[in-house]
Structures are given as C-alpha cells and as structure tokens.
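What follows is each chain in one-letter form.
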Amino acid sequence: VRVLRAVEESIPGDRFELQEFSVGAGEFLRSGDPLPASTLRSIGEYDGVLLGAMGLPMAVRTARRHALLGCDPDPVRLALLVDEVGQRSTVHTTPVVAEVGARCDVVVLMLPTSAEVDSCVGELAENLKPGALIIDMGSSLPGETKRLAAKLANAGIRFMDAPVFGSVARARDGTLSILAGGAE
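Residues numbered from 1 in each chain as written. Predicted model: local features only at pLDDT ≥ 70, side-chain atom pairs only at ≥ 80, totals over all residues. Heavy atoms only, no water.

At a minimum axis distance of 11 Å, the contact between helix α7 (residues 114-125) and helix α8 (residues 142-154) shows a crossing angle of 5°. Regarding the angle of α7 to α8, the classification is roughly parallel. Residues S114, V117, D118, V121 and A125 of α7 form the contact with α8, whose own contacting residues are E144, R147, L148 and L152. The residue inventory of the contact of α7 with α8, partitioned by class, reads five nonpolar, one polar and three charged. (Axes fitted to C-alpha atoms, helices over the stretch in contact; angles between N-to-C directions. Helix = DSSP H or I, 4+ residues; strand = E, 2+ residues; numbered from the N terminus. Parallel < 35°, antiparallel > 145°, perpendicular 65-115°, else oblique. Contact = heavy atoms within 4.5 Å. Nonpolar A, V, L, I, M, F, W, Y, C, P; charged D, E, K, R; others polar.)

Quick look at the structure:
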C-alpha cells in the first residue's frame, strides 16, 4: 500500500482506490480457494504478460478469467497459451515487445535474468505512455532492479519488483507466493 501511495504522490492526478480482499492462505482455509472468482472480477485484468516457463502457466490462469495480450519471441509458447485457454477468454498474442508497450498500461514480466528484464524493458519503455506500470515478477538482481526503476522513473514509468516463490507446478495451481516492492 505504501508503494501505491508513493506512486500517487509522484504523479499529479493519479489516484488509486484501494480495497482489501481476503486472499491467500487465510482465504483458502476459510473457503478452499486462495483467490476467489469474486476477487478476480473485482481486481480487473492485466494488460500484458510475457511468457516463459513460469510466465506461461501464470498467463494461462489469468487468461482463463481476463482478456490479455501475451508476448513471447517463441511462437510455440504463444500457441500453447492460446491452446490452453481455448475459447474461454480473449487472448491476443504478439512476438513484438514494442507492441505490448504501445497497447498496454500495465505490463507483467516473468523473465529469468536481470539482463533479459533490462533488454525487454528497454523495448517497452520506448513505447509505454507516462504513468504506465511494469511489474517484474522474476528473481532479478536488487542492484539492477533499483537502477532500472530509477531510469524508468525519469521517463514517468512506474516499476514494481514482485518476485514469485514456488515451482512451475505452483504457478499452474495458482499457489505462488509474491513479494512486492517499489518506490516509496
């Protein structure tokens, strides 16, 4: 919440309406579902997801409930996303990172190294509008993350570090743990 409030203060006219939801272990123990459908409907959709070993199952879970734009240079992964989701939701795909930047206000990255994040963000940043948000869910190096966040802030682009903990199986099951941080 502190990160979101800091983003509000840094961008004039930008306001977030915060609402708390019961999610995670407590909700699972109460209802058997760590992220209820009613919560998913309330929180809206991700605009862009870059795919990979962890990103693909995360994107599939998201796309089953929300329209999204999936991006990966590997057309096989894009085809897997479309096949896994089927007719249940709208999935657009592109191998072009710059297109994600041009079409999305929120982009979720799930890449294996800081170098790949840096390269991808470089392409995105050229096309993102000021106020856009990039969320890096990989295990990037802290120093590189801080450098990248500062660079993006100069361009008016918000950046959050939100690494996930768990396996590909947990990504498929929707049981990953996420730590989030950003500018204060």
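This brings us to the pattern of salt bridges. Taken as a whole and judged by the stated rule, the model has four salt bridges. The shortest N-O distance in the salt bridge between R147 and D118 comes to 2.9 Å. Here R147, found in helix α8, pairs with D118, found in helix α7; they are 29 residues apart in sequence, far enough to count as distant. Residue class for R147 comes out partly exposed when judged on its relative accessible area of 35%. Connected through shared salt-bridge partners, D118, E144 and R147 make up one network. (Salt bridge = Lys/Arg side-chain N within 4 Å of Asp/Glu carboxyl O. Buried < 20%, exposed > 50% of the residue type's maximum accessible area, 1.4 Å probe, protein only.)

What helix α5 (residues 75-85) keeps buried is the set L78, L81 and V85. Along the axis of α5, the buried residues cluster in a sector spanning 55°; they form a single face. Set apart from the buried face of α5 by more than 90 degrees, the exposed residues are P75, V76 and D83. Packing partners of the buried residues in α5 comprise α4 (55-63), β2 (68-71) and β3 (91-94). (Arc of directions from axis to C-beta.)

In this section: α4. When you tally the buried positions in α4, you get eight out of nine residues, the bulk of the element. Within the sequence span of α4, burial applies to G55, L56, P57, M58, A59, V60, T62 and A63.

The next subject is the environment of S119. Mapping S119 onto the fold places it in helix α7. Exposure remark for S119: the relative accessible area of 44% places this residue in the partly exposed category. Expressed as a C-alpha distance, the spacing of S119 and V97, which sit 22 residues apart in the sequence, is 10.0 Å.

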